[in-house]
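# Secondary and tertiary structure notes
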Amino acid sequence: MASVIVRVTPTSARAPLSRLITLPLGLDLWEVHPDHAVLQAGEAQVSRLEEMGYGVEQLQLSESYLADFATESAATGYHSAESLEQDLRRLADDNPEIAELHEIGRSVEGRPVLALRIGERRGSSRKVAFLGCHHAREWISVEVPFLLAEDLLAHASENPVREWLQQGEVWVAPMVNPDGHEFTRTPGNRLWRKNRRRNRDGTTGVDLNRNYGYMWGTLDVDTSSHTPADETYVGPRAFSEPESRAVRDLVARQLFGGVLTYHSYSQLILYPWGYTDDPILDETDRREMRDLAYDMEQLIGNVHGQAYTAQPSSALYPTAGDTTDWTYGEYDAPSFTVELRPGSAMAGGFILPASQIQPCWEENRPAAHAFISHVLKKPER
Ligand code: 0X9
Ligand code: ZN
């Protein structure tokens, strides 16, 4: 049997959902809900889950899911690494006074990791960063930060954008994982997640969203794994990957007052911690992030009525070494992971129809603006 997309439900106290992710099954978890999970699994994994006492309901064969969603026309409207570079360069060339393209590093395969700086550069230290595409298959996470950059530049002479760009800087790095993204554009590889590192055991890929240096490697579970073949492989050490080092070095230079990283899917707004269920100790920080997350939830919902849920990252599942734990833990910067559209696997999962790029951006625009406004208003660091 080929791989399948399944809905997994606990059927006994012996096999609660929380145990599912602590088992070394090498699962590719797509969604985690209070009472069930959706994941992609092979034959052996399905049998193991059933033996352990889980209810496993097949939603779709991976093959037919791909036939439904990964159509040729589905790629139209999404960027490749190359077309993104061209478009970012165009934005910089067309707006020389307020935009500048930076190569912040090179990927394993030598592709540039790019970031666009937007702002008048009056020596302000108020800065905010938007990142995208740590995970190769999450194509919409490239488009939302790209459209944010394009839109800020289109409205640069109107308030509130004008004021933001006078007061501070917005940095946008829409494709942290260009190698992985390019790989997902080749036949049969649309669901690749990690970067393209050749691991020492012959497998490929490190999960860039497990490779950051705060509490790195402190968990070894299915959602944050030390097994190189796994989808969530943390890498041999913190910042072992050039792509996460590119972000590390950018953050170390610019000292952002806030960082928002786009992923997909599930429609969530996540804030630290990811590595522990304990809430953030500092009450002011905890309130700041929680309140901002709820504000963003409202702002997003108001646009097209889509429900995004604000919650601590660990309430989704535990991870050590994700981006936002590091930017908050190391730099005290309010940090968010926004999981974009869609809400479910059967609405496309990681393969969001291109017709939804625009509405997804539209609903995320006011939340991104609220974040910029919040961060740039804070006292200089
Ligand atoms: O697993 C991830 O890296 C993120 N989800 S995704 O489906 N885009 O892969 C979530 C990271 C947030 N952190 C935790 N959930 N702890
Ligand atoms: Zn992701």
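Since we're looking at a predicted model, the values are computed, not measured.

### Quick word on the sheet that holds strand 2 (residues 28-32)
Note on sheets: strands pair through backbone hydrogen bonds, and any given pair is parallel or antiparallel. One open sheet holds the four strands; their spatial order is 2-3-1-4, and the pairing between them is antiparallel. Both edges of this open sheet fall to strand 2 and strand 4 (54-61), since each of them pairs with a single strand only. Each strand of the sheet is rotated relative to its neighbour by a mean of 25°, with strand direction disregarded. As judged from the seven bridges shared by strand 1 (residues 4-10) and strand 4, these two strands associate in the antiparallel manner. The partner of Val6 across the bridge, within strand 4, is Gln58. Of the strands in this sheet, strand 1, strand 2, strand 3 (37-41) and strand 4 touch helix 3 (residues 62-69), which is tilted by about 40° from strand 4.

### Describing the site of ligand 1
As a matter of local geometry, ligand 1 sits amid 15 residues, with Arg193, Arg210, Tyr317, Thr319 and Glu339 nearest to it. One nitrogen or oxygen atom from the side chain of Asp322 is found 2.9 Å from a nitrogen atom belonging to ligand 1. In this structure, Glu339 approaches ligand 1 through a side-chain N or O atom, which is 2.7 Å from a nitrogen atom.

### Quick notes on the coordination of the zinc ion (ligand 2)
Ideal coordination angles are 109.5 degrees for a metal with four donors arranged tetrahedrally and 90 or 180 degrees for a metal with six donors arranged octahedrally. Taken together, His135 (ND1), Glu138 (OE), Glu138 (OE) and His263 (ND1) make up the full set of protein donors to the zinc ion (ligand 2), lying 2.0 to 2.3 Å away. Mapped onto the sequence, the residues coordinating the zinc ion (ligand 2) show the spacing H-x2-E-x124-H. One end of the pair, His135, is in the loop between strand 7 (127-132) and helix 5 (140-154); the other, His263, is in strand 9 (residues 258-264), and 128 residues separate them in sequence. As far as burial versus exposure is concerned, His135 and His263 are alike and both buried.

### A word on the nonpolar core
Counting residues in hydrophobic clusters, the biggest one holds 78 residues, and the most contacted among them are Leu116, Phe130, Phe336, Phe371 and Ile372. Ignoring sequence-local partners within four residues, the contact set of Phe371 consists of Val128, Phe130, Gly258, Val259, Leu260, Leu292, Met296, Pro334 and Phe336. Ranked by size, the runner-up nonpolar core spans 22 residues in total, among them Ala15, Ile21, Leu29 and Leu268.

### Details of the environment of Arg286
Topologically, Arg286 is positioned in helix 9 (residues 283-304). Arg286 gets classed as partly exposed once you look at its relative accessible area, which sits at 30%. For Arg286 and Ala136, which are 150 residues apart along the polypeptide, the C-alpha to C-alpha distance reads 31 Å. Residues within four places of Arg286 in sequence aside, it is in contact with Pro279, Ile280 and Leu281. Of the polar contacts made by the side chain of Arg286, one reaches the backbone oxygen of Ile280; its length is 2.7 Å.

### Description of the domain arrangement of the protein
Domain parsing of the protein yields domain 1 (3-66) and domain 2 (73-184 + 224-377). Every contact between the two is made by 12 residues of domain 1 and, on the other side, 16 residues of domain 2. Buried area between domain 1 and domain 2, both sides added, is near 1,100 Å², and the carbon and sulfur share of it is 61%. At the junction of domain 1 and domain 2, the tally comes to one salt bridge. With its nearest N and O atoms 2.8 Å apart, the salt bridge here joins Asp28 to Arg137. When contributions to the side of domain 1 that touches domain 2 are tallied by element, the ones reaching two or more residues are strand 2, strand 4 and helix 3. When the residues that make up the side of domain 1 that touches domain 2 are grouped by side-chain class, the tally is eight nonpolar, two polar and two charged.

### A look at the pairing of strand 3
Of all five residues making up strand 3, five are buried, and the element is well covered by its neighbours. Of the two faces of strand 3, both are covered, the one formed by Ala37, Leu39 and Ala41 as well as the one formed by Val38 and Gln40. Sheet topology note: the strand 1/strand 3 ladder contains five bridges and is antiparallel. When the bridges of strand 3 are listed, Val8 appears paired with Ala37. Note that strand 2 and strand 3 share four bridges and pair antiparallel. Residue pairing for strand 3: Val32 is matched across the bridge by Ala37.

### Things to note about the environment of Gly132
Topologically, Gly132 is positioned in strand 7. In this structure the C-alpha to C-alpha distance between Gly132 and Pro312, which are 180 residues apart in sequence, comes to 20 Å. Excluding residues that lie within four positions of it along the chain, Gly132 makes contacts with Ser141, Pro145, Ala173, Pro174, Met175, Val176 and Tyr262.

About the thresholds
- Residues numbered from 1 in each chain as written.
- Chains lettered and ligands numbered in written order.
- Predicted model: local features only at pLDDT ≥ 70, side-chain atom pairs only at ≥ 80, totals over all residues.
- Heavy atoms only, no water.
- Pairing = 2+ DSSP bridges.
- Helix = DSSP H or I, 4+ residues; strand = E, 2+ residues; numbered from the N terminus.
- Axes fitted to C-alpha atoms, helices over the stretch in contact; angles between N-to-C directions.
- Contact = heavy atoms within 4.5 Å.
- Near = heavy atom within 4 Å.
- Polar contact = N/O pair within 3.5 Å; in protein donor to acceptor, adjacent residues only side chain to side chain.
- Donors = N, O, S within 2.8 Å, 3.2 Å for Na, K, Ca; no water.
- Buried < 20%, exposed > 50% of the residue type's maximum accessible area, 1.4 Å probe, protein only.
- Core = buried A, V, L, I, M, F, W, Y, C linked by side-chain atoms within 4.5 Å.
- Domains from an automatic or database assignment.
- Buried area = accessible area lost by both parts, 1.4 Å probe.
- Salt bridge = Lys/Arg side-chain N within 4 Å of Asp/Glu carboxyl O.
- Nonpolar A, V, L, I, M, F, W, Y, C, P; charged D, E, K, R; others polar.

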